[in-house]
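Analysis of the macromolecular model
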Amino acid sequence: TDAQYQQHFDDKIAADTSIEAKDWMPEAYRQNLIRQIGQHAHSEVVGMLPEANWLTRAPTLRRKAVLLAKVQDEAGHGLYLYSAAETLGCSRQDIYQKMLDGKMKYSSIFNYPTLNWADIGVIGWLVDGAAIVNQVALCRASYGPYARAMVKICKEESFHQRQGYEAVMAMANGSEQQQAMLQDAINRFWWPVLMMFGPSDTDSPHSAQSMAWKIKRHSNDELRQKFVDNTVPQLEALGMTAPDADLAWDEAAGHYRFGEIDWSELHEVIKGRGQCNHERLQAKRRAWDEGAWVREGALAHASKNTSTAA
Ligand code: FAQ
């Protein structure tokens, strides 16, 4: 009976046994995962755009080759994540179309422009740094295909984070002008990166249920705090500052205290009214339309091969 299935599912969650694609699961669990994994996949593919903007203008051949590899990795992450979402019974084309139609979200961070090369270093260091903190926790998510995709993704993200830190280190040790560019990039990205972790715990509608299901292992605020604690020493090592007058070490708590996030900005960006929302969706819609001939060609080729085999 349904009650027995539910009991079996609850027991597995309690015992930290992963839920697999063919296992019975509550419909709300399935839908919540399609929502989160789908949004995560869309973030990877939209997240290629701000960095791709600088591929043709990377300062050296080495930087260009490294950035190209990173952007390709993001495409790969999108593919693993779409595959993980498909194991839940959704269609990749359907959720992709929902993203193109603005009906499914992707991370707010990719709606900010990349104005100069320093932004690319800062994205690798801070955006990938934030992504790792979030994704390391997701390696223990209760849904097996999602958790396993995260393990590989985290290994690649950690290379991305290091390439970012290496790029910002070069600028921090460079000319005064380079140092000023780096500080400016940090000033623009600092708060949006903190917003990547989502609304505060008191204003996060999905958190309680996602934590009960062990999809999320830590709350939005816990992960945000962990990121700040990891990052401030790196900021200091670079000789840079954060645009936050309230940022200070709290000895008793063993954490860095930081100022209040402008939640209205996060809500505006999530609603589609950020600086680059329109541009990002336009770029993805254009790529989808212009790629139609590739999809048609691949389908024609596949059907020819099947009929030859038969
Ligand atoms: N942006 O109740 P909660 C990367 C939405 S890293 C946009 O707290 P939840 C790597 C949320 O979806 C970035 N929307 O929701 C890379 C929900 O809306 P809904 C991708 C946001 O799910 C680096 C509503 O607000 N990483 O791509 C944001 O429990 C460099 C209420 O929020 C992931 O997606 C936001 N920042 O917690 C690539 C990680 N925050 O669905 C290229 C996986 C919240 O009801 C270059 N996702 N919302 O319409 C998660 O861990 C979670 O989904 C959270 C949100 C923590 C993002």
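Reference entry: report on the structure contained in this document.

It is worth spelling out the packing of aromatic side chains at this point. All chains considered together, the criterion is met by 9 aromatic pairs. Here the aromatic rings of Y29 and W213 are separated by 5.4 Å at their centres, their planes lie at 85°, and the arrangement is edge-to-face. One end of the pair, Y29, is in helix 2 (residues 27–46); the other, W213, is in the loop between helix 9 (207–212) and helix 10 (220–238), with 184 residues separating them in the sequence. There is no split in this pair, since Y29 and W213 are both buried. One aromatic cluster in this structure is built from Y5, F9, W24, Y29 and W213. In this arrangement the basic side chain of R57 is found over the ring face of W54, its NZ or CZ atom lying 4.0 Å from the centre. Between R295 and the ring centre of W288, over which it is positioned, the NZ or CZ distance is 3.5 Å.

Attention shifts here to the site of the ligand. With respect to spatial proximity, 33 residues lie near the ligand, and among them Q39, K105, S204, H206 and K216 are the closest. Measuring from an oxygen atom of the ligand, one finds a side-chain N or O atom of N134 at 2.9 Å. Within the contact set of the ligand, an oxygen atom lies 2.9 Å away from a side-chain nitrogen or oxygen of N220. Secondary structure elements with two or more residues in the shell around the ligand: helix 2, helix 4 (61–86), helix 6 (117–138) and helix 7 (144–172). Residue contributions to the shell around the ligand peak at 6 residues, all from helix 2.

Attention now moves to the environment of F9. Residue position: F9 is located in helix 1 (residues 2–14). Assessed through its relative accessible area of 2%, F9 is described here as buried. Expressed as a C-alpha distance, the spacing of F9 and W213, which sit 204 residues apart in the sequence, is 9.8 Å. With sequence-adjacent residues up to four places away left out, F9 is seen in contact with I19, W24, M25, P26, Y29 and W213.

It is worth spelling out the packing of helix 4 against helix 6 at this point. The N-to-C vectors of helix 4 and helix 6 enclose an angle of 45°; their axes lie 13 Å apart at closest approach. With respect to each other, helix 4 and helix 6 are oriented oblique. The crossing of helix 4 and helix 6 is left-handed. Residues R63, L67, K70 and E74 of helix 4 touch helix 6, and the partners they reach there are W117, I120, G124 and D128. A breakdown of the residues in the contact of helix 4 with helix 6 according to their chemical character gives 3 nonpolar, 1 polar and 4 charged.

The residue D16 is not glycine, and still its phi comes out positive at about 60°. Tracing the chain through its elements places D16 in the loop between helix 1 and helix 2.

Moving on: the pattern of salt bridges. One pass over the full model with this rule turns up 20 salt bridges. Its salt-bridge partner being R224, residue D221 comes within 2.7 Å of it at the nearest N-O pair. With D221 and R224 both in helix 10 and 3 residues apart, the pair spans about one turn of that helix. Taking the shortest distance from any N to any O, the salt bridge between D250 and R257 comes out at 2.9 Å. By relative accessible area, which is 39% here, R257 ends up partly exposed. Each of the salt bridges in this network shares a partner with another, and the network as a whole consists of E51, K70, E74 and D128.

Turning to the side chain of Q225, a few remarks are in order. Looking at where Q225 falls in the secondary structure, it is placed in helix 10. Judged by its relative accessible area of 13%, Q225 falls in the buried class. Apart from the residues within four sequence positions on either side, Q225 is in contact with H255, Y256, R257 and F258.

So, on to the packing of helix 4 against helix 5 (residues 92–100). It is the contact of helix 4 with helix 5, at a shortest axis distance of 9 Å, that shows an interaxial angle of 120°. Together, L79, Y82, S83, A85 and E86 of helix 4 and R92, I95 and Y96 of helix 5 make up the contact between the two elements. Of the residues contributing to the contact of helix 4 with helix 5, the split by class is 5 nonpolar, 1 polar and 2 charged.

All right, on to the side chain of S210 then. Among the structural elements, S210 can be located in helix 9. Exposure remark for S210: the relative accessible area of 0% places this residue in the buried category. The residues contacting S210, other than those within four sequence positions of it, are N32, I215 and K216.

In this fold, I270 is placed in helix 11 (residues 263–273). Given the relative accessible area of 35%, I270 is considered partly exposed. Residues I270 and G38 lie 232 residues apart in sequence; the distance between their C-alpha atoms is 15 Å.

Criteria and cut-off values
What you see as residue numbers is a count from 1 along each chain, following the sequence as written. Per-residue local features of the predicted model are confined to residues with pLDDT of at least 70, and side-chain atom pairs are confined, for both listing and counting, to 80 or more; whole-chain, interface and lining totals are unaffected and use all residues. To obtain the side-chain values, all non-hydrogen atoms of the structure were used and water was disregarded. Two aromatic rings, drawn from Phe, Tyr or Trp (for Trp, its six-membered ring), form a pair once their centres lie within 6.5 Å of each other, and the interplanar angle then sorts them: stacked below 30 degrees, edge-to-face above 60, tilted otherwise. Strands are runs of DSSP state E lasting at least 2 residues, helices are runs of H or I lasting at least 4, and numbering of each runs from the N terminus. Here's how the labels work: a residue is buried when its accessible area is under 20% of the maximum for its type, exposed when over 50%, partly exposed in between, all with a 1.4 Å probe on protein chains only. Should the NZ of a Lys or the CZ of an Arg lie within 6 Å of a ring centre and within 35 degrees of the ring normal, that charge is described as sitting over the ring. Here a residue is near a molecule or strand as soon as one of its heavy atoms is found within 4 Å of it. Pairs of N or O atoms within 3.5 Å make up the polar contacts considered here, provided that, within protein, one atom can donate a hydrogen while the other can accept it, and that residues adjacent in sequence are counted only when both atoms are side-chain atoms. By definition in these notes, contact holds between two residues if any of their heavy atoms fall within 4.5 Å. All axes here are fitted lines through C-alpha atoms, helices being fitted over the stretch that makes contact, and every angle between N-to-C directions spans 0 to 180 degrees. Note on angle classes: values under 35 degrees are labelled roughly parallel, values over 145 roughly antiparallel, values of 65 to 115 roughly perpendicular, and the remainder oblique. Take the far helix as your reference; a near helix turned counterclockwise from it by less than a right angle gives a left-handed crossing, and one turned clockwise gives a right-handed crossing. Three classes are used: nonpolar for Ala, Val, Leu, Ile, Met, Phe, Trp, Tyr, Cys and Pro, charged for Asp, Glu, Lys and Arg, and polar for all others, with Gly counted as polar. Salt bridge, as used here: a side-chain nitrogen of Lys or Arg that lies within 4 Å of a carboxyl oxygen of Asp or Glu.

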